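Analysis of the macromolecular model
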Amino acid sequence: MTRNYSNQTAAIRAGLETDEQFGAVIPPLYLSSNYTFEGLGQPRKYDYTRSGNPTRDNLATALAELEQGAAGIITSSGISAIHLALQVLNPGDHLIAPHDCYGGTYRLFTKLAERGLFEIDYVDQNDESALKSALKSNTKLIWVETPSNPLLRVYDIKNICALAKQKQALVAVDNTFLSPVHQQPLKLGADIVVHSTTKYINGHSDVVGGAVITKSKELGEELAWWANCLGITGAPFDSYLTLRGLRTLHVRQQQHEQTAKKVVAFLLGHSAVDRVYHPSLPTHPNHHIAVEQQSGFGAVLSFELGLTQPQIAAFFSHLELFSLAESLGGVESLICHPATMTHAAMDDAARLKAGIRNNLIRVSIGLEQTEELIADLRNALDKAKQWVEPQSASHSEINEVSHAI
Ligand SMILES: *Cc1c(COP(=O)(O)O)cnc(C)c1O
C-alpha cells in the first residue's frame, strides 16, 4: 500500500490483491515446502519454507506494520517467539525478568539460565530501586510483560526503557494481553515485541503461534537468521488462519473491552465478590500507568470470591457461557482457577507470595452478548451463595476430622 493507513484499515487490507495469477482478493495459501530454481544458480525469492514462505511473510509484514517495527518473524508458538528473542544473549550476559511473568516464560528462562546460557534476576519492575540495583554492567536484556497474569499488574514501559538505555541494554515486551490495538511498546522505547498469536491476534482458539517484531532492521535480520537456524518458524497454514483472524482484531478488541468493562461493573456490585482486578478501575494501583501507555484496558480480568471452596466449586458448575479452560483472547469466554490450573506448578508459598489465592478467578471475556454473559455470572454467583453443605453423617465426620487437624 502506498499511503499510511490506520492499524484498523492496515490489518483488514494486509496482503489483499497481491495475487498476480488470478487476481484473487485474499492472498492464496502456499503450502509448498520448496520452490524451483529458475535455472542453475538462479534462485527465486523463496527456496524452502523453513527459511521463507509467502503466506507467512504476509502475516509477518502485517504484524510489523501494526507494531510499527522494521521486521517481523513468525514462529511456531509464543514460547518459540520468546526463545527466539533470547538469542540476543550470550553466555555471561545478564537478563532481568518480571517476578510474575507467564509460567512458560519463567520455566524457559530458569531452565536455560541453570544450564549457563545467561544469568538471570527476577525483579518486581514497579519497584524502581529494585530494578536499578538489579541492573549490572553485563545486563543485556530486560524482559517486560504488561499487564501481568492473572493480577493485571501494569509496568511502566517508558520508564523501564529509560533505565535500560543507561546500560545499553535491550528491552523486549511481551504484548500478548493487549495486542497492538491497545499497546505499542516499540513506540514507548522497546526494541523487541513478542506475541503469543495464539491469543487475541488469531483470536479464534484454533492456532498456536508466535511473533517477534523488532524496531531495527538489523536485529530483525539477525533474529530471522536464528529462526531459520533453530527451525522454529511458523507453519504456512497457521499463518494463513492467523492473518484471517488478524483482519478482525480491531473490532474484536473494541467489543471485548466494552463487554469487559460492563462485567467489571457488575462484579463490583455483587455481594459474593470481594475484589476485582482490572486496570480500568481507578482503584487499581497502576491505573495511571495504564491510562498513560495503553489505549484500552483489555478483556482479561480477575476477581476474588468471598465464598468457601465448595461454594466456589458450585459457582463453576452453574456457569453455562464460560468454558473452564486455560488460554485467553478467543471469541469464546473462558474462565479459569489459577491456583489449580495456570499456576498449579507453583508451590503454595510462591503462589501466595505472588498474590494468587484459592478464591481467585480469572476470566477472558469473549464476544458473546454482554447481557447474557452478565446474567450467566449472576446466576452462578447467586446459586453459589445459596449453596449449603449437605448434612450427611459421613460428611460432617470428615469436617470434624479436618477441623481437628
Ligand atoms: C500464552 C502466552 C505465552 C505462550 O504462548 P504459546 O503460544 O502458548 O506458546 C506467552 N506469554 C503470554 C503472556 C501468554 O499469554
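Residues numbered from 1 in each chain as written. Predicted model: local features only at pLDDT ≥ 70, side-chain atom pairs only at ≥ 80, totals over all residues. Heavy atoms only, no water.

A few points about the pattern of salt bridges
Rules: Any carboxyl oxygen of Asp or Glu that lies within 4 Å of a side-chain nitrogen of Lys or Arg is treated as forming a salt bridge with it. Only protein chains enter the accessibility calculation, which uses a 1.4 Å probe. A residue is then buried if its area is under 20% of the maximum for its type, exposed if over 50%, and partly exposed in between. In this text, helices come from DSSP runs of H or I with a minimum length of four residues, and strands from runs of E with a minimum of two, each type numbered from the N-terminal end.
Counted by the stated rule, this structure contains 11 salt bridges. Across the pair E17 and R13 runs a salt bridge whose closest N-O atoms are separated by 3.3 Å. Using a relative accessible area of 37% as the deciding quantity, one classes R13 as partly exposed. Close ionic contact of R357 with E304 constitutes a salt bridge, the shortest N to O distance being 3.2 Å. Of the two residues, R357 sits in the loop between helix 13 (348-353) and strand 12 (360-364) while E304 sits in strand 9 (residues 300-305), which places them 53 residues apart along the sequence.

Brief notes about helix 14 (residues 370-386)
Applicable threshold: In a helix, the anticipated span is given by 1.5 Å times the number of residues less one. Each direction from the helix axis to a C-beta atom contributes to the arc, which is the arc of those directions.
Spanning 17 residues, helix 14 covers 25 Å between terminal C-alpha atoms, matching the ideal 24 Å at 1.5 Å per step. Among the residues of helix 14, T370, L373, I374, D376, L377, A380, L381 and A384 are the ones counted as buried. Projected down its long axis, helix 14 carries its buried residues within an arc of 155 degrees, all on one side.

Considering the UniProt feature "modified residue: N6-(pyridoxal phosphate)lysine" (unreviewed entry) in the chain
What counts here: UniProt positions are given in the numbering used here, feature names are shortened, and annotations may be inferred rather than shown by experiment. Throughout, a contact is declared for two residues whenever any of their heavy atoms are within 4.5 Å.
Those places that UniProt annotates as "modified residue: N6-(pyridoxal phosphate)lysine" (unreviewed entry) correspond, in this numbering, to K199. Within the secondary structure layout, K199 lies in the loop between strand 6 (192-196) and strand 7 (210-214). Overall, the relative accessible area of 10% leaves K199 in the buried class. Setting aside chain neighbours within four positions, we find K199 in contact with T176, S327, L328 and G329.

A closer look at the sheet that holds strand 12
As a reminder, the rule being used: Here, strands pair whenever DSSP counts at least two bridges between them. Comment: axis = line fitted to C-alpha atoms, over the contacting stretch for helices; angle = value between 0 and 180 degrees taken between N-to-C directions.
The five strands lie next to each other as 8-9-12-11-10, forming an open sheet whose pairing is mixed. The sheet is open, and its two edges are formed by strand 8 (273-277) and strand 10 (323-324), each paired on a single side. Relative to strand 12, strand 11 (residues 334-336) runs antiparallel, the two being bridged by three bridges. Within strand 12, the residue paired with C336 across the bridge is R362. Sheet strands touched by helix 10 (residues 249-268): strand 8 and strand 9. Its angle to strand 9, the strand with the most contacts, is close to 10 degrees.

Looking at the sheet that holds strand 1 (residues 71-75)
The sheet built from seven strands is open, its strands ordered 1-7-6-5-4-2-3 with mixed pairing. The open sheet has two edge strands with one neighbour each: strand 1 and strand 3 (119-123). Averaged over all pairs of adjacent strands, the angle between their axes in this sheet comes to 20 degrees, without regard to strand direction. Bridge count between strand 1 and strand 7: five bridges; the pairing is antiparallel. Bridging from a neighbouring strand, I73 pairs with V212 of strand 7. Each of strand 1, strand 4 (139-145), strand 5 (170-174), strand 6 and strand 7 is contacted by helix 3 (residues 78-85), which is oriented at about 160 degrees to strand 6, the strand it contacts most. Here helix 6 (residues 157-166) sits on the sheet in contact with strand 4 and strand 5, set at roughly 155 degrees to strand 5.

Remarks on the layout of surface pockets
For clarity, the cut-off: Points on a 1 Å grid over protein atoms alone make up a cavity when a 1.4 Å probe fits among them but cannot get out, and a pocket when they form an open set with protein on both sides within 12 Å along at least five of seven lines; lining residues each have an atom within 4 Å of a point. Grid points are joined across faces, edges and corners, and a volume is the space filled by probe spheres set on the points. Residue ranges labeled as domains rest on an automatic or database domain assignment. Three classes are used: nonpolar for Ala, Val, Leu, Ile, Met, Phe, Trp, Tyr, Cys and Pro, charged for Asp, Glu, Lys and Arg, and polar for all others, with Gly counted as polar.
Taken as a whole, the largest pocket holds about 1100 Å³ of empty space. For the largest pocket, the lining is made up of 45 residues, of which C101, Y102, G103, G104 and Y106 are closest to its centre. Of all the secondary-structure elements, those providing two or more residues to the lining of the largest pocket are helix 3, helix 4 (103-114), strand 6 and helix 13. Of the residues forming the lining of the largest pocket, the biggest block, seven residues, is contributed by helix 4. Counting contributing residues, the lining of the largest pocket receives three or more from each of domain 1 (7-246) and domain 2 (249-402). In this structure, the second largest pocket encloses a volume near 650 Å³. Contributing to the lining of the second largest pocket are 25 residues, with G15, T18, D19, P27 and N58 lying nearest its centre. For the lining of the second largest pocket, the element with the highest residue contribution is helix 2 (residues 54-66), accounting for six residues. For the lining of the second largest pocket, a count of residues per class yields 10 nonpolar, seven polar and eight charged.

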